[in-house]
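In case you want the letters, here they are:
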Amino acid sequence: MSELPASYKEFLAGKSEMFINTVRPVLLQSAADKLHGVRVTYNPGSTGHQAHLDDSLPYGVVFEDID
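Notes on the structure in this doc start here. (Residues numbered from 1 in each chain as written. Predicted model: local features only at pLDDT ≥ 70, side-chain atom pairs only at ≥ 80, totals over all residues. Heavy atoms only, no water.)

**Let's talk about the overall build of the chain**
The condition that has to hold: A run of H or I in DSSP becomes a helix once it reaches four residues, and a run of E becomes a strand once it reaches two; helices and strands are each numbered from the N terminus. The size measure is the radius of gyration over C-alpha atoms, and the globule rule it meets is 2.2 Å times the number of residues to the 0.38 power. Burial classes: relative accessible area under 20% of the type maximum marks a residue as buried, over 50% as exposed, and values in between as partly exposed (1.4 Å probe, protein chains only). Contacts are residue-level and defined by heavy atoms, with any inter-residue pair within 4.5 Å sufficient. Throughout, the Shrake-Rupley method with a 1.4 Å probe supplies accessible areas, and for residues the shown protein chains are the sole cover considered. Think of it this way: Lys and Arg go in the positive column, Asp and Glu in the negative one, and His and the chain ends go nowhere. In this description, the location of a charge corresponds to atom NZ of lysine, CZ of arginine, CG of aspartate or CD of glutamate.
Of regular secondary structure, the chain possesses two helices and three strands. When the helices and strands of the chain are read in sequence order from the N terminus, they spell out α-α-β-β-β. Its C-alpha radius of gyration of 11 Å places the chain within 12% of the 11 Å reference for a compact globule of 67 residues. Considering only C-alpha atoms, the chain reaches an extent of 30 × 25 × 15 Å along its principal axes. When burial is assessed residue by residue, the chain has 33% of its 67 residues classed as buried. Expressed as a percentage of contacts within the chain between residues at least 6 apart in sequence, the contacts between residues at least 24 apart total 44%. For the chain, the accessible area works out to roughly 4,200 Å², and carbon and sulfur atoms hold 53% of it. The average position of the 5 basic charges and that of the 9 acidic charges among the side chains of the chain differ by 7 Å.

Now the structure itself:
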């Protein structure tokens, strides 16, 4: 399994377990291919946070946005 880069570990620091469980798989996917960053969106509805690879972001970058 890929090791997360420092920027991803720093992003997760202090976050809730539920948030980490939602976002970490996508961070691991990004760390495995080392091609793209991750966009984390927040939807105020029932879905809450979502994360996906974003080819407009360089590897190691996490960008938080509101959906």
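Read on for the rest.
**Quick word on the environment of alanine 13**
Within the secondary structure layout, alanine 13 lies in the loop between helix 1 (6-12) and helix 2 (17-33). The exposure class of alanine 13 is exposed, given its relative accessible area of 55%. For the pair formed by alanine 13 and glycine 60, sequence separation is 47 residues and the distance between their alpha carbons is 15 Å.

**Remarks on unusual backbone geometry**
A positive phi angle, near 55°, is found at lysine 34, a position not held by glycine. Examined against the element boundaries, lysine 34 turns out to sit in the loop between helix 2 and strand 1 (37-43). On the accessibility criterion, lysine 34 (55% relative accessible area) is exposed.

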